[in-house]
Amino acid sequence: MEKLKKLYHEIDHLSEELPAELSKKIYLYAQVLQVIGKLYSDSTREFKRAYAERKRKWGEALLTYEGTGKEKEGSAEVESYKYREIEADREAEMIRWKNAFISTQEIINALKIQLKTMMKEYENS
């Protein structure tokens with residue numbers, strides 16, 4: 001996270017009016033994308049682990065409790081509730097980083113178009 005803060009701080013201090021700084025901004029956003037990609041993959045792994053743990057607790061509860069199928073399912077649901085909440089938190093974190101990744105890709109593409117347009121304007125003047 002500290003690396004992201006540093007990169008964003010540097011990005012914020014670059015001008016989009018100067019081609020060299022705009023190009024540097026694109027480069028820094030590409031570095032941001034790498035960091036976010038790592039965070040996205042880490043959060044995806046944590047979500048999958050939370051899912052697996054919830055399913056394991058669900059299965060254990062089904063084996064432990066006695067009764068009809070519905071009674072076992074109800075008990076398993078109560079038993080795994082805490083793990084369902086953890087899973088939901090991990091999924092939200094995963095989606096957060098996925099959205100950040102996609103948004104950063106869009107920013108990079110927009111800046112590339114802006115740089116290309118700027119360079120054409122310089123060539124034509």
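Quick note: structure is the one above.
Since the structure is predicted, the reported quantities are computational estimates derived from the model, not experimental observations.

Engineer: Before we go on, may I ask you to explain the overall build of the protein in this structure?
Structural biologist: When you go through the protein residue by residue, the secondary structure sums to four helices and zero strands. Moving toward the C terminus, one meets the helices and strands of the protein in the order α-α-α-α. Expected size for 125 residues packed as a compact globule is a radius of gyration near 14 Å; at 23 Å, the protein overshoots this value by more than 25%. Taking the principal axes of its C-alpha atoms as reference, the protein extends roughly 85 × 25 × 15 Å. Counting all 125 residues of the protein, 26% fall into the buried class. Restricting to contacts in the protein with at least 6 residues of sequence separation, those with at least 24 account for 69%. Just so you have it, the protein exposes about 8700 Å², and 54% of that area is on carbon and sulfur atoms. Taken as two groups, the 23 positive and 23 negative side-chain charges of the protein have centres that lie 4 Å from each other.

Engineer: How do you make sense of the nonpolar core when you look at a structure like this?
Structural biologist: A general feature of soluble globular proteins is that nonpolar side chains tend to end up buried together. One finds Leu4 and Val32 to be the most contacted residues of the largest nonpolar core, which totals 17 residues. Here the element with the most residues in this core is helix 2 (residues 19-64); it accounts for eight residues.

Engineer: Would you explain the packing of helix 2 against helix 3 (residues 69-79) in this entry?
Structural biologist: Two numbers describe how helix 2 lies on helix 3: the axes approach to 8 Å, and their chain directions differ by 140°. Here helix 3 runs oblique to helix 2, going by the angle between their axes. The chirality of how helix 2 crosses helix 3 is right-handed. Residues Trp58, Ala61 and Leu62 of helix 2 lie in contact with helix 3, whose contacting residues are Lys72, Glu73, Ser75, Ala76, Glu77 and Glu79. Here the contact of helix 2 with helix 3 is built from residues that sort into four nonpolar, one polar and four charged.

Engineer: I would appreciate a short explanation of the pattern of salt bridges in the present structure.
Structural biologist: Pairing is possible between side chains that carry opposite charge, provided their charged atoms lie close to one another. A complete count under the given rule lists 11 salt bridges for this structure. With its nearest N and O atoms 2.2 Å apart, the salt bridge here joins arginine 54 to glutamate 87. Residue arginine 54 is found in helix 2, and its partner glutamate 87 is found in helix 4 (residues 81-124); the two are separated by 33 residues along the sequence. When sorted by exposure, arginine 54 lands in the same class as glutamate 87, which is buried.

Engineer: How do you make sense of the packing of aromatic side chains when you look at a structure like this?
Structural biologist: Aromatic rings in a pair are described by how distant their centres are and how their planes are angled relative to each other. Scanning the entire structure with this criterion turns up one aromatic pair. Between tyrosine 8 and tyrosine 29, the ring centres sit 6.5 Å apart and the planes meet at 70°, which makes this aromatic pair edge-to-face. Taken together, the residues tyrosine 8 in helix 1 (residues 2-12) and tyrosine 29 in helix 2 connect sequence positions 21 residues apart. With a relative accessible area of 30%, tyrosine 8 lands in the partly exposed category. On the basis of relative accessible area, tyrosine 29 is assigned to the buried category, the value being 12%. A cation over an aromatic ring shows up here: arginine 96 above the ring of tryptophan 97, its NZ or CZ 4.4 Å from the ring centre.

Engineer: Looking at this structure, I do not really get the environment of valine 35. What am I missing?
Structural biologist: Residue placement: valine 35 occurs in helix 2. As a C-alpha pair, valine 35 and lysine 3 span 32 residues in sequence and 8.0 Å in three-dimensional space. Setting aside chain neighbours within four positions, we find valine 35 in contact with Lys3, Leu4 and Leu7.

Reading the values: rules and limits
- Residues numbered from 1 in each chain as written.
- Predicted model: local features only at pLDDT ≥ 70, side-chain atom pairs only at ≥ 80, totals over all residues.
- Heavy atoms only, no water.
- Helix = DSSP H or I, 4+ residues; strand = E, 2+ residues; numbered from the N terminus.
- Rg over C-alpha atoms; globule rule 2.2 N^0.38 Å.
- Buried < 20%, exposed > 50% of the residue type's maximum accessible area, 1.4 Å probe, protein only.
- Contact = heavy atoms within 4.5 Å.
- Areas by Shrake-Rupley, 256 points an atom, 1.4 Å probe, with all protein chains shown as cover.
- Lys, Arg positive; Asp, Glu negative; His and termini not counted.
- Charge placed at Lys NZ, Arg CZ, Asp CG, Glu CD.
- Core = buried A, V, L, I, M, F, W, Y, C linked by side-chain atoms within 4.5 Å.
- Axes fitted to C-alpha atoms, helices over the stretch in contact; angles between N-to-C directions.
- Parallel < 35°, antiparallel > 145°, perpendicular 65-115°, else oblique.
- Left-handed = near helix turned anticlockwise from the far one by under 90°.
- Nonpolar A, V, L, I, M, F, W, Y, C, P; charged D, E, K, R; others polar.
- Salt bridge = Lys/Arg side-chain N within 4 Å of Asp/Glu carboxyl O.
- Phe/Tyr/Trp six-rings, centres within 6.5 Å; stacked < 30°, edge-to-face > 60°.
- Lys NZ or Arg CZ within 6 Å of the ring centre and 35° of its normal.

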